[in-house]
Amino acid sequence: MMQTEPIFSDNLEQEFTDRFGNSPEFIVSAPGRVNLIGEHTDYNDGFVFPVAIDKYMHIAASPRSDRQVHLHALDMDEEAIFSLDVPDESETPAWCKYLKGVAYLLQEMVLSDMGYVQQGMSAVITGDVPIGAGLSSSAAFEVASALAFLGVCGLEITDTGVDTKADVTLIELPPTELAALCQRAENEFVGVNCGIMDPTISLLGKTDHALFLDCRTLDYVQIPFSLTDMLLVICNTNVKRELASSEYNKRRAECERGVEIMQQWMPSITSLRDVSLEDFKKYEAELPQITQKRCRYVIEENTRVQNAVSALAAKDFNTFGTLMNESHAGLRDTYEVSCDELNVLTDIAQNIDGVIGSRMTGAGFGGCTVNLVYSYAVETFHDQIMKVYTQRTGIKPDIYVCNVGDGACIKWNT
Ligand code: GLA
């Protein structure tokens with residue numbers, strides 16, 4: 001959960017000092033994620049299986065004595081100031097919506113009950129999670145913002161047993177609840193209808209583990225996933241995800257429609273999570289064709305996730321890879337959220353010897369693929385993707401060889 005790994009960027013600390021005249025009181029870091037399998041299942045109360053990647057959003061911060069928030073986003077070279085009392089009164093860049101939403105909800109849902117008032121903050125923000133690539137830079141930013149706003153109040157969420165600063169109060173706020181708060185900030189303040197997976201893995205990620213998360217109960221199991229003779233390679237199509245938001249909402253609506261129709265035969269179901277493939281087959285012919293395809297994909301993907309978790313636990317990588325490839329085929333042909341560039345990437349990858357599995361990851365319509373590749377094949381993989389993808393699409397991809405990172409952490413500057 002809350003790790004105390006020192007991810008303390010000297011440069012970030014220096015930037016903070018140059019700007020605000022003294023050292024930051026702390027730096028929070030929250031990772032992006034890649035989902036191994038279980039796509040578009042979170043908002044259907046289903047199963048997901050993501051890992052945190054070793055790419056982070058960092059916020060260096062100190063409390064202010066007033067209720068102002070002074071921000072400097074290093075990578076964009078932008079500044080913003082707003083007041084917690086009247087956050088909407090000042091013109092601020094779009095990325096401030098995340099912070100405003102998180103601060104508002106923290107006050108409403110956490111701090112008021114505990115008798116706290118949100119403190120103002122001075123902060124410098126930076127990060128290396130590629131933005132808009134489907135690796136959850138937004139969730140990483142929300143989670144980092146939430147920990148920073150708590151941090152300036154002298155609060156930290158944690159399990160027991162974590163070494164922390166003496167005058168910090170540990171609060172009993174389960175990470176899944178904080179994740180739900182972050183999700184709500186994105187839904188209500190940023191206007192993106194995302195699910196619970198991304199902020200949850202950003203908070204709960206653990207080195208050498210993948211998170212098997214039940215998105216209905218928010219129960220989870222950390223499954224050992226150590227990359228001894230293989231690597232996690234992420235390929236970025238570098239295609240702008242223009243359709244992602246509107247098509248995402250359409251998929252959600254189709255799934256809800258499917259549930260509504262099927263409720264006439266199965267009144268107790270509340271989401272696609274409740275429908276077995278066997279039951280679905282009895283009624284699928286009654287559904288409109290598109291609804292039928294969307295529902296079938298989700299029901300099959302939920303089963304794939306559970307099989308993939310068993311395969312990984314048994315170190316059966318062949319089965320795991322096959323399930324990844326099948327997941328991609330479902331997203332491409334049945335759920336229809338892939339795009340030509342993602343299909344080109346998986347097509348090249350799945351035909352390279354030493355690639356265990358390859359699929360699109362995240363919402364789709366651009367963004368990235370996730371590939372599990374034996375170490376001996378990584379060089380060939382890199383060269384082939386660079387060459388053939390560029391030939392076939394005219395676009396240069398980005399390739400990130402990632403480690404499974406730790407979840408969000410705070411490092412106090414003592
Ligand atoms: C986006 C959303 C997630 C999830 C994925 C698809 O990343 O933010 O909640 O729905 O798409 O699996």
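Residues numbered from 1 in each chain as written. Predicted model: local features only at pLDDT ≥ 70, side-chain atom pairs only at ≥ 80, totals over all residues. Heavy atoms only, no water.

### Description of the overall build of the chain
Operational definition: Think of it this way: any DSSP run of H or I at least four residues long counts as a helix, any run of E at least two long counts as a strand, and we number them from the N terminus. We compute the radius of gyration from the C-alpha atoms alone; for a globule the expected value is 2.2 Å times N to the 0.38, where N is the number of residues. Three labels apply to residues, based on accessible area from a 1.4 Å probe with only protein chains included: buried if under 20% of the type maximum, exposed if over 50%, partly exposed otherwise in between. It only takes one pair of heavy atoms within 4.5 Å for two residues to be counted as in contact. Accessibility throughout is a Shrake-Rupley quantity obtained with a 1.4 Å probe, and a residue counts as covered only by protein chains that appear here. Asp and Glu are treated as the negative residues and Lys and Arg as the positive ones, with His and the ends of the chain left uncounted. Charged groups are reduced to one reference atom each: NZ for lysine, CZ for arginine, CG for aspartic acid, CD for glutamic acid.
Each helix and strand counted, the chain has eleven helices and 15 strands in total. Taken over the C-alpha trace, the chain has a radius of gyration of 22 Å; the compact-globule value for 414 residues is 22 Å, and the two agree within 12%. Considered along the principal axes of its C-alpha atoms, the chain spans approximately 60 × 55 × 40 Å. Each of the 414 residues in the chain was classed as buried or not, and the buried ones make up 57%. Partitioning the contacts of the chain with sequence separation of at least 6, the portion at a separation of at least 24 is 71%. Total accessible area computed for the chain in this model is approximately 16800 Å², and 45% of it derives from carbon and sulfur atoms. In the chain, 31 side chains carry a positive charge and 60 a negative one; their mean positions are 6 Å apart.

### A few points about helix 6 (residues 244-262)
Quick note on the threshold: An expected span of 1.5 Å times one less than the residue number is assigned to each helix.
When the terminal C-alpha atoms of helix 6 are compared, their 27 Å separation across 19 residues agrees well with the 27 Å that a helix rising 1.5 Å per residue should span. Elements that come into contact with the buried residues of helix 6 comprise helix 7 (277-283) and helix 8 (289-313).

### Focus: helix 5 (residues 197-204)
Within helix 5, eight of the eight residues are buried, which leaves it mostly tucked inside the rest of the structure. Along helix 5, the positions that sit buried rather than exposed are Met197, Asp198, Pro199, Thr200, Ile201, Ser202, Leu203 and Leu204.

### Overview of the nonpolar core
Keep this limit in mind: In plain words, nonpolar cores are sets of buried Ala, Val, Leu, Ile, Met, Phe, Trp, Tyr and Cys residues tied together by side-chain atoms within 4.5 Å.
Core analysis: the largest hydrophobic core is formed by 93 residues, its most contacted members being Phe49 and Leu71. Considering every element that reaches this core, the biggest residue donor is helix 3 (residues 137-152), with ten residues. The residues touching Phe49, leaving out its near neighbours within four places in the chain, are Asn35, Leu36, Ile37, Ala210, Leu211, Phe212, Ile223, Val305, Ala308, Val309, Leu312 and Phe320. Ranked by size, the runner-up nonpolar core spans 25 residues in total, among them Tyr248, Ile261, Ile269 and Cys339.

### Description of the pattern of salt bridges
Once their charged atoms are close, side chains differing in charge can pair, the charge on each being opposite to the other. Operational definition: Whenever a carboxyl oxygen of Asp or Glu lies within 4 Å of a side-chain nitrogen of Lys or Arg, that contact is scored as a salt bridge.
The final tally for this structure, using the stated rule, is 19 salt bridges. Here Arg33 ties to Asp198 by a salt bridge, and the two come within 2.8 Å at their closest N and O atoms. In this pair, Arg33 is assigned in strand 1 (residues 26-35) and Asp198 in helix 5, connecting sequence segments 165 residues apart. A single burial state applies to Arg33 and to Asp198, both of which are buried. Its salt-bridge partner being Lys282, residue Asp279 comes within 2.9 Å of it at the nearest N-O pair. With Asp279 and Lys282 both in helix 7, this residue pair falls three residues apart, about one helical turn. For Asp279, a relative accessible area of 22% puts it in the partly exposed group. One network of salt bridges, in which partners are shared, links Asp45, Arg216 and Asp274.

### A look at the site of the ligand
Test applied: The cutoff for a nearby residue is simple: one of its non-hydrogen atoms must lie within 4 Å of the molecule or strand. Identification of polar contacts relies on pairs of N or O atoms within 3.5 Å, with a donor-acceptor requirement for protein atoms, meaning one able to donate a hydrogen and the other able to accept it, and with residues adjacent in sequence counted only if both atoms are side-chain atoms. Cavity: a set of points on a 1 Å grid over the protein atoms alone where a 1.4 Å probe fits but cannot get out. Pocket: an open set with protein on both sides within 12 Å along at least five of seven lines, its lining residues, like those of a cavity, having an atom within 4 Å of a point. Whether a molecule sits in a cavity or pocket is decided by its atoms, more than half of which must lie within 2 Å of the grid points.
All residues adjacent to the ligand are Arg33, Glu39, His40, Asp42, Tyr43, Cys194, Gly195, Met197, Asp198, Tyr248, Gly362 and Ala363. One of the backbone nitrogen or oxygen atoms of Gly195 is found 2.8 Å away from an oxygen atom of the ligand. One nitrogen or oxygen atom from the main chain of Ala363 is found 3.5 Å from an oxygen atom belonging to the ligand. Protein contact buries 93% of the 310 Å² of open area that the ligand shows by itself. Among the detected pockets, the ligand sits in the largest pocket.

### A short note on unusual backbone geometry
Backbone geometry at Asn238 places phi at a positive 60°, although glycine is not the residue there. With respect to the secondary-structure elements, Asn238 resides in the loop between strand 11 (230-236) and helix 6. Here Asn238 falls in the partly exposed class, since its relative accessible area comes to 34%. If you check the backbone angles, Lys315 has positive phi at about 55° while not being a glycine. Judged by relative accessible area, Lys315 falls into the exposed class, the value being 60%.

### Some details on the sheet that holds strand 2 (residues 47-48)
This is how it is decided: The rule for pairing is simple: two strands pair if DSSP sees at least two bridges between them.
Taken together, three strands build an open sheet; the order of strands is 2-9-10 and the sheet is antiparallel. Bordering the open sheet on either side are strand 2 and strand 10 (220-224), each of which pairs with just one other strand. Pairing between strand 9 (residues 209-214) and strand 10: five bridges, direction antiparallel. By the bridge assignment for strand 10, Leu213 is matched with Tyr220.

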